[in-house]
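Residues per chain are reported as follows:
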Amino acid sequence: MLQLGIRGHDTPNGTFEERIKSISDSGFCCTQLALAKLITEFNVGNEAMTSGMALYMKRVFLQNHVEVAVLGCYKNLANPDEAQLAQIIKSYENHIRFAALLGCGMVGTETGAVNTEYRYTPENHTKRALGIFIENLKKVVDYAERMGVCFGIEPVYKHIMYDIECTRKVLDAVNSPNLRVILDPVNLLSAENESRHEEMIKGAFELFGDEIDVIHLKDYIVQEGEIVSRPVTLGEGNLNIPYLMGILKQKKPFIHVLLEDSVPENAQASRTYAIQCYDVGVK
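Here's a quick rundown of the structure.

Quick notes on the rules
Residues numbered from 1 in each chain as written. Predicted model: local features only at pLDDT ≥ 70, side-chain atom pairs only at ≥ 80, totals over all residues. Heavy atoms only, no water. Helix = DSSP H or I, 4+ residues; strand = E, 2+ residues; numbered from the N terminus. Rg over C-alpha atoms; globule rule 2.2 N^0.38 Å. Areas by Shrake-Rupley, 256 points an atom, 1.4 Å probe, with all protein chains shown as cover. Lys, Arg positive; Asp, Glu negative; His and termini not counted. Charge placed at Lys NZ, Arg CZ, Asp CG, Glu CD. Phe/Tyr/Trp six-rings, centres within 6.5 Å; stacked < 30°, edge-to-face > 60°. Buried < 20%, exposed > 50% of the residue type's maximum accessible area, 1.4 Å probe, protein only. Core = buried A, V, L, I, M, F, W, Y, C linked by side-chain atoms within 4.5 Å. Contact = heavy atoms within 4.5 Å. Expected span 1.5 Å × (residues − 1). Arc of directions from axis to C-beta.

**Here's the deal with the overall build of the protein**
Step number 1: Helix and strand counts for the protein stand at nine helices and ten strands.
Step number 2: Whereas a compact globule of 283 residues would reach a radius of gyration of roughly 19 Å, the protein reaches 18 Å, a difference of no more than 12%.
Step number 3: Here the protein has roughly 12300 Å² of accessible surface; of this, 49% comes from carbon and sulfur atoms.
Step number 4: Here the protein holds 28 positive side-chain charges and 37 negative ones, and the gap between their average locations is 4 Å.

Structural data, given as structure tokens:
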């Protein structure tokens, strides 16, 4: 029941078709597709995102038995520059339309910062920042509803939606069946809270378990007060992966689980460890 995948841009370099084939050949069944990070041999800008391109890609994925769990569009929905924000919203709409044609699980994003540089500032964790993000998110989710596409938001400690309580507030404020959650436990950690990460994972499933639709899976270590995940192999860091896998096995059969921050040199070792933990199903 474990549907384990890998981000497309974490595979060995090659053409689009070569990289999708490598996902399948490596034993993964799904992927997160970030167009500009994966593809270099042809244009994937907004003007290139036609129905023809979507259906060509869909054919390649089907031929390789790889599902697109997430079409990534990680742009800043709290950008204070009005002209830049308008282009960002347009890009989200393009990705949502493209996702409908591609037949992927959802369009996914993180949750922004209140500056044009998309960087951490304490202001990200204010009510004002949250209000800005929610209002702009509503516009995008409304479009997703009209296109019949799910939209996944990923909480990240350094961004606006920075903890599990804040995530619940966003879900309640937007109030849409098309708004889902991409849960990456490591992205919610800081040096101050990482020792309590099992408690955070349990709390996430209690607060918004129904809305969790995709899992990003990586391990981490702490270096000089910072959470470091790349290129830590699963099982060699601090994350209690058996604990997480036990919850998924019980509550979320067939959920898409995507390796994140892997490199070609450790992807297979991480894949093997994830499967072992899921098969044991420790809770």
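Having seen the model, we can carry on.
**Quick notes on the packing of aromatic side chains**
Step number 1: Scanning the model with the defined rule gives five aromatic pairs in all.
Step number 2: On the basis of an interplanar angle of 70 degrees and a centroid distance of 5.6 Å, the ring pair of Y92 and F151 is categorised as edge-to-face. Of this pair, Y92 sits in helix α4 (residues 82-102) while F151 sits in strand β5 (residues 151-153), and the two are 59 residues apart along the sequence.
Step number 3: Taking relative accessible area as the criterion, F151 reaches 0% and is therefore assigned buried.
Step number 4: Here the aromatic residues F16, F42, Y56 and F61 are joined through ring pairs into a cluster of three or more.

**Notes on the nonpolar core**
Step number 1: One finds M57, L137 and F151 to be the most contacted residues of the largest nonpolar core, which totals 84 residues.
Step number 2: The element best represented in this core is helix α5 (residues 127-147), accounting for nine residues.
Step number 3: Residues within four places of L137 in sequence aside, it is in contact with L77, F151, I153, V170, V174 and L179.
Step number 4: Membership of the second largest hydrophobic core comes to seven residues, among which are C30, M106, I182 and L258.

**Thoughts on helix α9 (residues 267-280)**
Step number 1: In this model, α9 (14 residues) spans 20 Å end to end at C-alpha, consistent with the 20 Å of a helix rising 1.5 Å per residue.
Step number 2: The set of residues buried in α9 consists of A267, S270, A274, C277 and Y278. Summarising the axial view, the buried residues of α9 lie within an arc of 95 degrees, below the 170-degree limit, and thus occupy one face. Exposed and facing more than 90 degrees away from the buried side of α9 are D279 and V280.
Step number 3: Those residues of α9 that are buried are in contact with β1 (3-7), β7 (212-217), α8 (241-251) and β10 (256-259).

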